[in-house]
Amino acid sequence: MATPESNEKLLALQGGRTLAYADYGNSSSSTVIIFFHGAFFVGDASRTSPILLQKGVHCITPTLPGWGNTSPVPPSTSYVSCLLSDVTFILQHLHPNDPNLRIFVAGGSFGTVPAQMVFGAPYDVLPLGRHIVGLLLLGTFSPFHYHEDYTKGLTWPDYISVGPPSQYIPLKLIPNLLKLFIQPKLKSVESTERFFRSLMMDKMKPSEKAKFEEWRVKQGLEEGQFERKWATIMNFSVSKSWEGFLGMADVLHSDWGFDPSELDEEHKRRRVLIVGGTDDQLSPTMAQWLVERYGSNAKLVMKEGGHLSSMFYMDEIWGELLGDVESTVAPE
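Residues numbered from 1 in each chain as written. Predicted model: local features only at pLDDT ≥ 70, side-chain atom pairs only at ≥ 80, totals over all residues. Heavy atoms only, no water.

Colleague: Lay out the nonpolar core with the relevant residues and their values.
Modeller: Of all hydrophobic cores here, the largest spans 99 residues; its most connected members are Leu-136 and Tyr-294. Tallying contributions element by element places helix H2 (residues 79-94) first for this core, with eight residues. Apart from the residues within four sequence positions on either side, Tyr-294 is in contact with Gln-116, Phe-119, Leu-135, Leu-137, Phe-258, Pro-260, Leu-263, Lys-268, Val-272 and Ile-274. (Core = buried A, V, L, I, M, F, W, Y, C linked by side-chain atoms within 4.5 Å. Buried < 20%, exposed > 50% of the residue type's maximum accessible area, 1.4 Å probe, protein only. Helix = DSSP H or I, 4+ residues; strand = E, 2+ residues; numbered from the N terminus. Contact = heavy atoms within 4.5 Å.)

Colleague: Could you give me a rundown of the sheet that holds strand E1 (residues 9-12), with the residues and numbers involved?
Modeller: Strand order in the open sheet made by the eight strands is E1-E2-E4-E3-E5-E6-E7-E8, with mixed pairing throughout. Each edge of the open sheet is held by one strand with a lone partner, namely E1 and strand E8 (298-303). Each strand of the sheet is rotated relative to its neighbour by a mean of 20°, with strand direction disregarded. Summarising the sheet, strand E3 (residues 31-36) and strand E4 (residues 58-62) pair through three bridges and their orientation is parallel. Within E4, the residue paired with Val-32 across the bridge is His-58. Packed onto the sheet, helix H3 (residues 112-120) meets E3, strand E5 (102-108), strand E6 (132-138) and strand E7 (271-277) and runs at close to 160° relative to E6. (Pairing = 2+ DSSP bridges. Axes fitted to C-alpha atoms, helices over the stretch in contact; angles between N-to-C directions.)

Colleague: Describe the pairing of E4, listing the residues and the values that go with them.
Modeller: Counting buried positions along E4 yields five of five residues, so the element is predominantly enclosed. The alternating pattern of E4 places His-58, Ile-60 and Pro-62 on one face and Cys-59 and Thr-61 on the opposite face, and all of these are buried. Judged from the five bridges that link them, strand E2 (residues 18-25) and E4 form a sheet pairing that is antiparallel. Following the sheet pairing, Tyr-24 is matched in E4 by Cys-59.

Colleague: Could you give an account of the packing of aromatic side chains, naming the residues involved and the relevant values?
Modeller: Under the criterion given, the structure shown has 18 aromatic pairs. When the ring of Phe-119 is compared with that of Tyr-294, the centres are 5.8 Å apart and the planes differ by 85°; the resulting orientation is edge-to-face. Of this pair, Phe-119 sits in helix H3 while Tyr-294 sits in the loop between helix H13 (283-293) and E8, and the two are 175 residues apart along the sequence. One exposure class covers both Phe-119 and Tyr-294, and it is buried. Geometrically, the ring pair formed by Trp-156 and Tyr-159 is edge-to-face, given 5.3 Å between the ring centres and 65° between the ring planes. One end of the pair, Trp-156, and the other, Tyr-159, are both in helix H4 (residues 156-162), three residues apart, so they sit about a helical turn from each other. Judged by its relative accessible area of 66%, Trp-156 is exposed. The rings of Phe-41, Phe-196, Phe-212, Trp-215, Phe-226, Trp-230 and Phe-312 are connected pair by pair, giving a single aromatic cluster. In this structure, Arg-270 packs its charged tip against the face of Phe-119, placed 4.2 Å from the ring centre. (Phe/Tyr/Trp six-rings, centres within 6.5 Å; stacked < 30°, edge-to-face > 60°. Lys NZ or Arg CZ within 6 Å of the ring centre and 35° of its normal.)

Colleague: Tell me about empty space enclosed by the protein, residues and numbers included.
Modeller: Scanning the model with the defined rule gives one cavity of 30 Å³ or more in all. In this structure, the largest cavity spans a volume of roughly 60 Å³. The element contributing the most residues to the lining of the largest cavity is H2, with four residues. Its residues assigned to classes, the lining of the largest cavity comprises eight nonpolar, one polar and one charged. (1 Å grid on protein atoms, 1.4 Å probe; cavity = no way out; pocket = protein on both sides within 12 Å on 5 of 7 lines; lining within 4 Å. Points joined across faces, edges and corners; volume = space filled by probe spheres on them. Nonpolar A, V, L, I, M, F, W, Y, C, P; charged D, E, K, R; others polar.)

Colleague: So what about the pairing of E2? Which residues, and what values?
Modeller: Most of E2 is tucked away, with six of its eight residues classed as buried. Connecting E1 to the antiparallel partner E2 that follows it, the hairpin turn spans five residues, and Gly-15 within it adopts a positive phi of roughly 80°.

Colleague: Report on the packing of H2 against H3, specifying residues and quantitative values.
Modeller: At a closest axis distance of 10 Å, the pairing of H2 and H3 adopts a crossing angle of 75°. Classified by the angle between their axes, H2 and H3 sit roughly perpendicular to one another. Contact residues: H2 offers Tyr-79, Val-80, Leu-83, Leu-84 and Val-87, while H3 offers Pro-114, Met-117 and Val-118. Each residue belonging to the contact of H2 with H3 can be placed in one class, and the counts come to eight nonpolar, no polar and no charged. (Parallel < 35°, antiparallel > 145°, perpendicular 65-115°, else oblique.)

Colleague: Please provide a residue-by-residue account of a nonpolar patch on the surface, values included.
Modeller: A grouping of Tyr-168, Ile-169, Leu-173, Leu-177 and Leu-180 is seen on the molecular surface, where their side chains present a nonpolar patch of about 540 Å² in accessible area. Residue contributions to the nonpolar patch peak at three residues, all from helix H6 (residues 173-182). Residue placement: Ile-169 occurs in the loop between helix H5 (164-168) and H6. Classification of Ile-169 as partly exposed rests on a relative accessible area of 33%. (Patch = residues over 30% accessible without salt bridge, like charges linked within 9 Å, V, L, I, M, F, W, Y side chains within 5 Å. Areas by Shrake-Rupley, 256 points an atom, 1.4 Å probe, with all protein chains shown as cover. Salt bridge = Lys/Arg side-chain N within 4 Å of Asp/Glu carboxyl O.)

Colleague: An account of the pattern of salt bridges is requested, with residue identities and associated values reported.
Modeller: Applying the stated criterion to the full structure yields 13 salt bridges. In this structure, Arg-197 engages Glu-193 in a salt bridge whose closest nitrogen and oxygen atoms are separated by 3.1 Å. With Arg-197 and Glu-193 both in helix H7 (residues 189-199), this residue pair falls four residues apart, about one helical turn. Of the residues examined, Glu-193 reaches a relative accessible area of 10% and is grouped as buried. Across the salt bridge formed by Glu-320 and Lys-299, the nearest N and O atoms sit 2.5 Å from each other. Residue Glu-320 is found in helix H14 (residues 314-322), and its partner Lys-299 is found in strand E8; the two are separated by 21 residues along the sequence. One continuous salt-bridge network, built from bridges that share partners, spans Glu-190, Glu-193, Arg-197, Glu-227 and Arg-228.

Here you go:
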């Protein structure tokens, strides 16, 4: 099985930092998707989308700060500032001087946080943001800084790990205690696979398991291949650093740089598609709050299943987000 690093590319940044990413599709296209991964994952392009290949878009999957081979956020730098700098660098590196650039920003789970930071960034902070035309959020978080009732969308374990206690107790004590609990479970790919199965696969209802099996066969995956691949990536994501994990709660509670309800008209004209799972306790509350604030062009779609349910419908979801968008080739 290919390792997460086998399709990975590395960029050297100022200050000695490294930015890892993977990509696929038409690298000459002016239509670009930037997809941000969730917790215990990295930028990965080993599984491609037929509809994105058909439309000829360029899909870029950066590894977020502190995960895998991407350096953590530098001291005295905010997460959002670091993220926007990384995104600007990678776009200028891969699509320099393209006046026809059209960007769709997407993310899953924790990846919905950086996706929203990029989407809502003021244009004087992220000039390339003027090229953004759409946002896709899968199993989304809302900005705790503005969403007063965000705790209603958290399970008790989530409440403890990223809710108010994570901010009241100093020195990142809760994240560090969680690290002590999780780290032994990720000591090998085999132990990581057992942990992933108990965390995600074993909690699926019979109907979702049936949908997963249907999806697995359609993807041409052998039994157990998906779980082993995911475990391999999880294991790799913290092999260099745990800084990404340790900073998650603080990032969720930080100021993301904008208030969704106070975006200007230019931002609100852009397409927003929010997808949640009917059995995912995180999605409905936060997703509903967001769709009400992103404006009339925001749409909420609920899919049957839990936190991974959107994975089974990705071709349909990409098709709805992109609509009649067709790729254009960037000029030489």
